[in-house]
Amino acid sequence: APHTRATSPESEHAPAAAAAGGRACPGSTLPYPRRAQPAPHPSRPPSRIRRRLPRARRRVPPPRRRRGRPLRGAHLPAPQLWVRHRPARARRPGGPRGRGGVPLRAGHALRRAPRRRGGRRARARRHRLPQPRAGRLLRGQHRRLLPRAGARITRVVVGLRHPLKHLRGKAIQSLRSEGIQVDVVGEDLQSKLFKEALTSCLIVNAPLLYRAAFRVPFSVLKYAMTADGKIAASSGHASWVSGRASRGRVFELRGRSDAVIVGGNTVRRDDPRLTARHVKGHVPVRIVMSQTCNLPEEANLWNVHEAYTIVATQRGARRDFQKKLAMKGVEVVEFDMLNPRDVMSYCYDRGYLSVLWECGGTLSAAAISARVIHKVYAFCAPKIIGGVTAPTPVGDLGMNQMTQAIDLIDVSYEQIDRDMLMSGFIQPIPDLSPVIPSADEIPSVDPEVSPYETNIISFYKTWDTFGAFSNFSPHPIDMPDEKGDCLTWPTVEHYYQAHKFVGVDNPQANDIVQEIKQARSPEEAARIGRTRQREFPELIRPDWESMKIDVMYRALKCKFSTYAHLTEMLLSTAGSVLVESSPHDLFWGGGREGEGLNYLGRLLMQLRSEILGTV
């Protein structure tokens, strides 16, 4: 269908102006005088000729600049796509040179702009389309990714295939089934320009690639040092080495990370907050590594109202102090031998994608030696502090010759006010290019994982093979409220967290319910629900402990009855034990060593038995 525009006061006078022998002037009923048209050029068809228009007609107001939205948590920006819009007529799209490709960020598209006189197009405007996320590519959810007919997209260029096998190829197969041309950089497009584009896509998706290849979160070491390589004075004073603009960049790095790690010395000397306080949205988890748990009684990190805090220590260290931290809401995790490798494995089990290390030289040297650091951000300030005992960014690595030094890869430099930011990778970005099967060979479940090979099926994060079982999976549900009205909840987690406060005769409780319902992600809904529960225990419904299992079961029944492909997946696990492998939730999950109650897995198995009894 041709593009339609809303009727404006100026367009109402166009017929009268045409009858008068000219085009209507904007804001006036008087027509433009007709002018003689130039003769057609022999090398160009008449349809490509640009008619000379009056100066007032040829002016196009500059587009309004819109501020970009801040990053949400650890969700990294997706690689750029190139889309080609189908022209309304049999002409080359995009202007006289036929440039039909427009670089877009994922989640955006362009409306087909109305064609002005002379064959040119007006400036296109952006409008928001659903952001493709990993969870939306789960079984049968590819229809969320398909463009609507009004978008008129005929070509999509994919920068990188998904590194997780059970999520790979579904979006591409869905788009091609709709008749859309899909080209993959590095496979269908292999010119020099596209090789550079592939490198950019690898850098943007580095956290997911490192996690998939090494089974640890993508770890970034950040430090600020003076021109002579010191991160603090000999006395330990370090406020501030870098400038305000560099500290703002650090807040952005925190906002992109799932967790921020520091050592005990940093807590004792600096008493940091480790929040992304100048970047709205995601708040990372704060992790303190201390072998002896020799930490101060009072610290900013023990205030869990701002962000969640985890203390990682060795087993049996200061049990009395551990109890005090638990009373304040701080989670304490004990390790047999505390080291960066085991902590990163624990973060991997918790589903973290990216971790930011803001520690001192001793801990950073241990992390580099354990090969868990993948990238370095070094802020260099134009200052000299000196001092023989002044600390340096990295401690002793056991290297005695310069030939043993670690060379950074893909180094980049950026000047931030008076400071200089140098960044580079310690380990190369892993290449997870798959062997591409045909469209008919792509199954709905990973062929290497069969639910009948083992009696235990674990799930946790939404990108896992059975991640759709999680209450964080992006499957909206319609549930009736107390008045019988049907309300749509973005996820089961939204519904569960909000019902902690449902039925309480207090306006503040109703506000909390709406706040949770409008949360942009299930992670944010969980954070709001748990934080408000700690802050206002008097607003929790009195029967919550006895009703929370029923609330969760009702939401699960609605979810699996709404989505048929989820029911098929659940029935495919018949004969297996379902376990939510949450390492920290000992009620709904199974715990680190199987000590959890696993009530979410129990409810799913109960629902599976109920469905099998009715089939």
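Residues numbered from 1 in each chain as written. Predicted model: local features only at pLDDT ≥ 70, side-chain atom pairs only at ≥ 80, totals over all residues. Heavy atoms only, no water.

### Brief notes about the overall build of the chain
Working step 1: Looking only at helices and strands, the chain has 16 helices and 19 strands in total.
Working step 2: For the chain, buried positions account for 44% of its 615 residues.
Working step 3: Partitioning the intrachain contacts of the chain with sequence separation of at least 6 by distance along the chain shows that 66% fall at a separation of at least 24. (Helix = DSSP H or I, 4+ residues; strand = E, 2+ residues; numbered from the N terminus. Buried < 20%, exposed > 50% of the residue type's maximum accessible area, 1.4 Å probe, protein only. Contact = heavy atoms within 4.5 Å.)

### Section: the confidence of the model for the chain
Working step 1: With 70% of its residues at a pLDDT of at least 70, the chain reaches an overall mean of 75.
Working step 2: Low pLDDT (under 50) marks residues 1-37, which in the prediction has 41 contacts with non-local residues, meaning those over four places away or in another chain.
Working step 3: Note on residues 42-60: pLDDT under 50 across the span, and 22 contacts to partners over four residues away in sequence or across chains. (pLDDT = per-residue confidence, 0-100.)

### Here's the deal with the side chain of threonine 573
Working step 1: Within the secondary structure, threonine 573 is located in the loop between helix 15 (564-571) and strand 19 (577-580).
Working step 2: Among the polar contacts listed, one links the side chain of threonine 573 to the backbone oxygen of leucine 570, at a separation of 2.6 Å. (Polar contact = N/O pair within 3.5 Å; in protein donor to acceptor, adjacent residues only side chain to side chain.)

### Quick look at helix 6 (residues 244-255)
Working step 1: For helix 6, built from twelve residues, the straight-helix expectation of 16 Å at 1.5 Å per residue is met to within 8% by its first-to-last C-alpha distance of 17 Å.
Working step 2: Buried within helix 6 are the following residues: Ser246, Arg247, Val250, Phe251, Leu253, Arg254 and Gly255.
Working step 3: Looking at the buried side of helix 6, the elements it contacts are strand 7 (218-225), strand 8 (259-263), strand 12 (354-357), strand 13 (375-380), strand 14 (409-416) and strand 15 (419-425). (Expected span 1.5 Å × (residues − 1).)

### Some thoughts on the pattern of salt bridges
Working step 1: Enumeration according to the criterion identifies 21 salt bridges in this entry.
Working step 2: For glutamate 358, the salt bridge is made with lysine 222, and the minimal N-O distance between the two is 3.2 Å. Linking glutamate 358 in the loop between strand 12 and helix 10 (361-369) with lysine 222 in strand 7, this pair joins segments that are 136 residues apart in sequence.
Working step 3: The class for glutamate 358 is buried, based on a relative accessible area of 10%.
Working step 4: For lysine 222, a relative accessible area of 13% translates into the label buried. (Salt bridge = Lys/Arg side-chain N within 4 Å of Asp/Glu carboxyl O.)

### Focus on the packing of helix 12 (residues 507-517) against helix 13 (residues 522-535)
Working step 1: The contact between helix 12 and helix 13 brings their axes to 8 Å, and the two run at 160 degrees. Judged by the angle between their axes, helix 12 and helix 13 are roughly antiparallel. Taken as a pair, helix 12 and helix 13 cross one another with a handedness that is right-handed. Listed contacts from helix 13 to Ile512, Glu515 and Ile516 of helix 12 are Ala525, Ile528, Gly529 and Arg532.
Working step 2: Residues that form the contact of helix 12 with helix 13 fall into these classes: four nonpolar, one polar and two charged. (Axes fitted to C-alpha atoms, helices over the stretch in contact; angles between N-to-C directions. Parallel < 35°, antiparallel > 145°, perpendicular 65-115°, else oblique. Left-handed = near helix turned anticlockwise from the far one by under 90°. Nonpolar A, V, L, I, M, F, W, Y, C, P; charged D, E, K, R; others polar.)

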